[in-house]
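Structure at a glance
Chain by chain, the residues run as shown.
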Amino acid sequence: MKITAEFDSVNSADLAAASIRRTISPFSDIKVLQNHNKTTMSFGGLTAAFGNGNPSIGPNMYTCPIPYTAGNHIDTSESFLQNNVILEVICRKEDRKKVSGIIVNSGGYGINEYN
């Protein structure tokens, strides 16, 4: 039986995995998976202007595009703040209640069970 759950951080998923390893039979398989957000670089029309610093020469301004990555903007949406850490446990059917209990007590949510 395969059980998956989501966690807010890698540390909490690791603690749950360690607790499952101590409690459940040694025949279980446990994985902690983290999805990394890909950052793409683009030049979305943002520019920086630099002057020559010498007003006697004239107002020579130089502009250059500022690279914008998906990871450097401020976004307070819940999907951006989540780390998308998934704990995957393969165990016997007899152990599923113990595994689910450990996951919930460790802060896991979104538990799915597959036969």
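The present account deals with the structure reproduced in this document. Quick caveat: nothing in here was measured; it's all calculated off a predicted structure. (Residues numbered from 1 in each chain as written. Predicted model: local features only at pLDDT ≥ 70, side-chain atom pairs only at ≥ 80, totals over all residues. Heavy atoms only, no water.)

1. Overview of the packing of helix α1 (residues 10–23) against helix α3 (residues 96–105)
Orientation of α1 relative to α3, taken along the N-to-C sense of each, is 150 degrees, at an axis distance of 9 Å. Accordingly, the angle class assigned to the pair α1 and α3 is roughly antiparallel. Seen from above, α1 lies across α3 with right-handed handedness. In this structure, α1 uses A16, S19, I20 and T23 to contact α3, whose residues at the interface are V99, I102 and I103. Classifying every residue of the contact of α1 with α3 by side-chain character gives five nonpolar, two polar and no charged. (Axes fitted to C-alpha atoms, helices over the stretch in contact; angles between N-to-C directions. Helix = DSSP H or I, 4+ residues; strand = E, 2+ residues; numbered from the N terminus. Parallel < 35°, antiparallel > 145°, perpendicular 65-115°, else oblique. Left-handed = near helix turned anticlockwise from the far one by under 90°. Contact = heavy atoms within 4.5 Å. Nonpolar A, V, L, I, M, F, W, Y, C, P; charged D, E, K, R; others polar.)

2. As for the sheet that holds strand β8 (residues 109–114)
Reading across from one edge, β2-β7-β1-β8 is the order of the four strands in this open sheet, with antiparallel pairing throughout. Single-partner strands in this sheet number two, and they are β2 (29–34) and β8. Between one strand axis and the next, the sheet turns through 15 degrees on average, direction left out of account. Examined bridge by bridge, β2 and strand β7 (residues 85–90) share six bridges and lie antiparallel to one another. The partner of I30 across the bridge, within β7, is V89. Those strands touched by α3 are β1 (2–7), β7 and β8, and its axis lies near 5 degrees from that of β1. (Pairing = 2+ DSSP bridges.)

3. Overview of the pattern of salt bridges
Scanning all chains against the criterion turns up four salt bridges. The closest approach of N and O atoms between R96 and E113, which form a salt bridge, is 3.6 Å. One end of the pair, R96, is in helix α3; the other, E113, is in strand β8, and 17 residues separate them in sequence. For R96, a relative accessible area of 30% corresponds to the partly exposed category. Residue E113 is classed as partly exposed on the basis of its relative accessible area of 36%. Bridged by salt links that share partners, the residues R92, E94 and D95 form one connected network. (Salt bridge = Lys/Arg side-chain N within 4 Å of Asp/Glu carboxyl O. Buried < 20%, exposed > 50% of the residue type's maximum accessible area, 1.4 Å probe, protein only.)

4. Looking at the side chain of D95
Here D95 is to be found in the loop between β7 and α3. Among residues more than four places away in sequence, those in contact with D95 are I24 and S25.

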